Amino acid sequence: MYGNTSFGGDTEKVTLTPEQRQTLREDLASVAARTRDLLPGEFVVGSEISDSESGPRATIAVQPPVGSVVSAGYAPEDPESATITSDERDDLAQGIAASAALQVKQVMGDDPTPTAQ
């Protein structure tokens, strides 16, 4: 309903210096590493920084062994906030790991069939 409505007025595209982009990349890699630590090896964790109309967008995604991909994104509002704080990195890693684990639980159901007897 509000998809094409701009409540915040016109926003300029955020541009990052190579150093700011590298810092964002390192922060995102830290989130991915922490997420890998929280999940078993069957979960595939990836991250990327892409460019959008409003500027850079950092994305982390987890492919559980069964179910759909779970992802989260971060877009800096201005070049000075182009970092992910330590607390935000921990929260993001824990949140995406929990979402991926829940995805598996929902797909498997409450009464999984044993694979062998």
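Since this is a predicted model, take the numbers as computed values, not measurements.

## Side note on the side chain of Gln103
Move 1: In this fold, Gln103 is placed in helix α2 (residues 86-108).
Move 2: The buried category is assigned to Gln103, whose relative accessible area is 18%.
Move 3: Beyond its immediate sequence surroundings of up to four residues, Gln103 is in contact with Pro64, Val66, Gly67, Ser68 and Val70.

## A word on the nonpolar core
Move 1: With 21 residues, the main nonpolar core has Leu24, Leu39, Phe43, Val45, Ile60, Val62 and Ala100 as its most contacted residues.
Move 2: Elements with a minimum of two residues in this core: α1 (18-38), β1 (44-52), β2 (55-63) and α2.
Move 3: Tallying contributions element by element places α2 first for this core, with 5 residues.

## As for the environment of Thr15
Move 1: Here Thr15 lies in the segment before α1.
Move 2: Residue classification places Thr15 among the exposed positions, given a relative accessible area of 56%.
Move 3: Expressed as a C-alpha distance, the spacing of Thr15 and Pro56, which sit 41 residues apart in the sequence, is 7.4 Å.

## Describing the confidence of the model for the protein chain
A low pLDDT score tells you not to read the predicted coordinates there in detail.
Move 1: Here the protein chain shows a mean pLDDT of 84. Residues at 70 or above account for 84%.
Move 2: Low pLDDT, under 50, characterises residues 1-7; the stretch is placed with 1 contact to residues that sit more than four places away or in other chains.

## Some points on the pairing of β2
Move 1: In terms of strand pairing, β1 meets β2 through 9 bridges, oriented antiparallel. The residue bridging Ser47 from the neighbouring strand is Ile60, located in β2.
Move 2: For β2 and strand β3 (residues 70-74), the ladder comprises 5 bridges, and the chain directions are antiparallel. By the bridge assignment, Ala61 is partnered in β3 with Ser71.
Move 3: Connecting the antiparallel pair β2 and β3 is a turn made up of 6 residues, with Gly67 showing a positive phi of about 100°.

## Here we look at a negative patch on the surface
Move 1: Together, Asp87, Glu88, Asp90 and Asp91 make up a negatively charged patch on the protein surface.
Move 2: Here Asp91 shows up in helix α2.

How each quantity is defined
- Residues numbered from 1 in each chain as written.
- Predicted model: local features only at pLDDT ≥ 70, side-chain atom pairs only at ≥ 80, totals over all residues.
- Heavy atoms only, no water.
- Helix = DSSP H or I, 4+ residues; strand = E, 2+ residues; numbered from the N terminus.
- Buried < 20%, exposed > 50% of the residue type's maximum accessible area, 1.4 Å probe, protein only.
- Contact = heavy atoms within 4.5 Å.
- Core = buried A, V, L, I, M, F, W, Y, C linked by side-chain atoms within 4.5 Å.
- pLDDT = per-residue confidence, 0-100.
- Pairing = 2+ DSSP bridges.
- Patch = residues over 30% accessible without salt bridge, like charges linked within 9 Å, V, L, I, M, F, W, Y side chains within 5 Å.
- Areas by Shrake-Rupley, 256 points an atom, 1.4 Å probe, with all protein chains shown as cover.
- Salt bridge = Lys/Arg side-chain N within 4 Å of Asp/Glu carboxyl O.
- Lys, Arg positive; Asp, Glu negative; His and termini not counted.
- Charge placed at Lys NZ, Arg CZ, Asp CG, Glu CD.

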